[in-house]
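# Coordinate analysis (summary)
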Amino acid sequence: MDLTSSKAKAIWLVRAGRYGDQEQVALDNDIVTIGWNDLGDISNHQSKEVFFEFFKTTYPNEKPRAIINKANQVWRFKDEIEVGDLVVLPLKQEPSIAVGEVISDYEFTSDLGTDINHIRRVEWITKDMPRTSLNQDLLYSLGAFMTVCRIQRNDAETRIPAAVQNYLDKGSPPTPLGSTNMEEGLDDKSVVADLETLGKDQIRFFINQQFAGHRLQELVAAIFEVEGYATVVSPPGKDGGVDILAGKGLLGLEDPRICVQVKATSTPSGIEVVNSLLGVVASYRASYGLIVSMDGFTQDARKKAKEQFFKVRLWDSNDLINATLRNYHKLSDNIQASLPLKQVWVVVDEGE
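Bear in mind that the values here come from a model prediction, so they are computed numbers and not experimental data. (Residues numbered from 1 in each chain as written. Predicted model: local features only at pLDDT ≥ 70, side-chain atom pairs only at ≥ 80, totals over all residues. Heavy atoms only, no water.)

## So, the overall build of the protein
Here is the rule we go by: Helix and strand definitions follow DSSP, with helices as H or I runs of at least four residues and strands as E runs of at least two, each counted in order from the N terminus. For the radius of gyration, the atoms used are the C-alpha atoms, and the globule rule reads 2.2 Å times the number of residues raised to 0.38. Partly exposed describes any residue whose relative accessible area lies between the buried limit of under 20% and the exposed limit of over 50%, with all areas from a 1.4 Å probe on protein chains only and scaled to the type maximum. Should any heavy atoms of two residues lie within 4.5 Å, those residues are considered in contact. In short, Shrake-Rupley with a 1.4 Å probe defines the accessible areas, and a residue's cover is counted only from the protein chains shown. Just so you know, the count uses Lys and Arg for positive and Asp and Glu for negative, and it drops His and the chain ends. Note on charges: their place is set at NZ of Lys, CZ of Arg, CG of Asp or CD of Glu.
Assigned secondary structure in the protein consists of twelve helices and twelve strands. Taking 20 Å as the expected radius of gyration for a compact globule of 352 residues, we find that the protein reaches 22 Å, a close match to that expectation. Projected onto its principal axes, the C-alpha positions of the protein cover 70 × 45 × 40 Å. When burial is assessed residue by residue, the protein has 49% of its 352 residues classed as buried. Of all intrachain contacts in the protein linking residues separated by at least 6 positions in sequence, the fraction that spans at least 24 positions is 67%. Surface exposure of the protein reaches about 17300 Å², of which carbon and sulfur atoms provide 50%. Taking the average location of the 38 positive side-chain charges in the protein and that of its 50 negative ones, the two points are 4 Å from each other.

Take a look at the structure:
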C-alpha cells in the first residue's frame, strides 16, 4: 500500500484503554475498540440527539459536560469514522504507534471477552512504528486525553501517511519542523493533554540529539554505574556483539554480570538481535543480557524475550527514560549538562 499516492484520508485517534490494557487484543484481532460497554449494542441508534439522551440515561451520574464529551466520542466511533479512513493507536505499553485502515462499519461483539464490545475492523499497516517517526507537533496532536478524536491540525492528514510510508520504506527519521507548542498541536483546545507522555517525547528527541551514536552507550553505562555496577564500554567500531559489560563488585567480577547491546537505529530491533545477544551471553558466561533500543522492538523480538524471561531484558526508549529519571540526581555533571531536566508537579485532570 502506497499511502502517499492517493487522496488524503481522514485520520482518527482511537485509544485502547487508559492504560493500554486492550492494546494487544486490538493488534492481535485487527480491530480498534472503545469502552462504554454498559451502552450495549448501539448499532440501531440513528439519531445523535436520541443517542445522547440514551447515554445520559445509561450514565446518570455523569456531569453534563462529561456526557457531551464522552457521548460525542462514542458517536464518532460508531457513525463518523468511515471505511477507508486511517486510525492511529498510540501504544501505552511501548513507545510505538500502530496505524491501520478501517475496513468495516461499527460492530457489536461478545466474542473477544467481556471488556470488548464496540469494534471497528482494521487492516494494520504497521504495529510498531517508533514515536520518533513523527515530528513533535504531530505527537502533540496524539497527546490528548481522549479515546476518539479526529486528527487534522498541522497538515496531519498528509504528513502522518508520509511518515508511515517513510518508516515502511526504512527511511530516515523526520527532520524537526512545525510547532513545538503543545497547545498548538491539539485539535480541540478544551481537551486535556497527556503531559507525561508529551514530556517523555521531548526527552526522547533530546536524547536522540545529544546522545547519538556511541554516546548513547555512555548514558547507559552511567546509569549502570550509579546503580552500583562496574562497567567496560567498547570503543567505537566492531564490538563483538556487546557494547557494555557490567558486573557487581569493585572489579565488576561479581554476579550479576550483564552483557549490554545498545541500538541507536531508526527502526525497531528484531528477533535476530535477541538471538545474537543470547549467544553473546553464553559466550561471555554472563548472568543476563540487556538490549537497549531507542526505537523499540518488533513483536517477534518481544515474544522471544518473553520466552527467555530469566535470561534477557529489553529496554525501549521509555525504559531508558525511566531509568534516567530514576537516577538523574546521581548522574555526572557532564551527563546532566547534556540532558538538562527539571522535575515539576502538576494536577492531573482525570475527566474526559
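## Re the packing of aromatic side chains
The cut-off we apply is this: Ring pairs shown here join Phe, Tyr and Trp side chains whose ring centres sit within 6.5 Å, with only the six-membered ring taken for Trp; geometry is labelled stacked below 30 degrees between planes, edge-to-face above 60, and tilted in between. Over a ring means this: the NZ of a Lys or the CZ of an Arg is within 6 Å of the ring centre and within 35 degrees of the ring normal.
Here the structure, examined in full by the defined rule, presents seven aromatic pairs. Between Phe 51 and Phe 52, the aromatic rings sit 6.4 Å apart at their centres with planes inclined by 70°, giving edge-to-face as the arrangement. Seen from their ring centres, Phe 55 and Tyr 59 are 4.9 Å apart, and the 40° between their planes marks the pair as tilted. With respect to class, Phe 55 is no different from Tyr 59; both count as buried. The rings of Phe 51, Phe 52, Phe 55, Tyr 59 and Trp 75 are connected pair by pair, giving a single aromatic cluster. Sitting over the face of the ring of Trp 75, Lys 78 holds its NZ or CZ atom 4.7 Å from the ring centroid. Lying over the aromatic face of Phe 309, Arg 313 brings its terminal NZ or CZ to 3.9 Å of the ring centre.

## Concerning the pattern of salt bridges
Stated formally: Salt bridges are defined as contacts in which a side-chain nitrogen from Lys or Arg sits within 4 Å of a carboxyl oxygen from Asp or Glu.
For the structure shown, the criterion picks out 14 salt bridges. The salt bridge partner of Glu 53 is Lys 56, with a shortest N-O separation of 3.6 Å. Taken as a pair, Glu 53 and Lys 56 lie in helix α2 (residues 48-58) at a separation of three residues, close to a single helical turn. Lys 56 gets classed as partly exposed once you look at its relative accessible area, which sits at 40%. The shortest N-O distance in the salt bridge between Arg 215 and Glu 218 comes to 3.6 Å.

## Re the side chain of Gln 22
How we decide: In the analysis that follows, any N or O atom pair within 3.5 Å is treated as a polar contact, provided that within protein one partner can donate a hydrogen and the other can accept it, and provided that, for residues neighboring in sequence, both atoms belong to side chains.
The residue Gln 22 is located in the loop between β1 (11-14) and α1 (23-29) in this model. Reaching out from Gln 22, the side chain makes a polar contact with the backbone oxygen of Asp 115 at a distance of 3.1 Å. Ignoring anything within four residues of it in the chain, the contact list for Gln 22 reads Ala 16, Gly 17, Thr 33, Asp 115 and Ile 116.

## A closer look at the nonpolar core
For clarity, the threshold we go by: To define a nonpolar core, start from buried Ala, Val, Leu, Ile, Met, Phe, Trp, Tyr and Cys residues and group those joined through side-chain atoms within 4.5 Å.
One finds Val 14, Leu 39, Phe 51, Phe 55, Val 74, Phe 77 and Leu 89 to be the most contacted residues of the largest nonpolar core, which totals 33 residues. Mapped onto this core, the elements with two or more residues apiece are β1, α1, β2 (31-34), α2, α3 (64-80), β3 (86-90), β4 (96-102) and β6 (118-130). Looking at this core element by element, the count peaks at five residues for α3. Leave out the neighbours within four places in its chain, and Leu 39 touches Phe 51, Phe 54, Phe 55, Thr 58, Tyr 59, Val 74 and His 118.

## Some thoughts on the sheet that holds strand β10 (residues 254-263)
Just so we agree on the cut-off: Pairing between two strands is assigned when DSSP locates at least 2 bridges connecting them. Lines fitted to C-alpha atoms define the axes, with helix axes restricted to the stretch in contact, and inter-axis angles between N-to-C directions lie between 0 and 180 degrees.
Strand order in the open sheet made by the five strands is β8-β9-β10-β11-β12, with mixed pairing throughout. Where the open sheet ends on each side, the last strands, each with one partner, are β8 (230-233) and β12 (312-315). Across this sheet, the average inter-strand angle for adjacent strands is 20°, counted without regard to direction. Where strand β9 (residues 244-248) lies against β10, five bridges are found, and the strand directions are antiparallel. Directly across from Leu 245, in β10, lies its bridge partner Cys 259.

## Brief notes about the layout of surface pockets
Our working definition: Cavities and pockets are found on a 1 Å grid laid over the protein atoms alone: a cavity is a set of points where a 1.4 Å probe fits but cannot escape, a pocket is an open set with protein on both sides within 12 Å along at least five of seven lines, and a lining residue has an atom within 4 Å of such a point. Grid points are joined across faces, edges and corners, and a volume is the space filled by probe spheres set on the points.
Looking at the second largest pocket, its volume works out to about 510 Å³. As for the second largest pocket, its lining consists of 18 residues, and the residues nearest its centre are Gln 93, Glu 94, Arg 302, Lys 303 and Lys 306. Of all the secondary structure elements, the ones that give two or more residues to the lining of the second largest pocket are α1, α10 (299-307) and β12. Sort the elements by how many residues they give to the lining of the second largest pocket and α10 lands first, with six residues.

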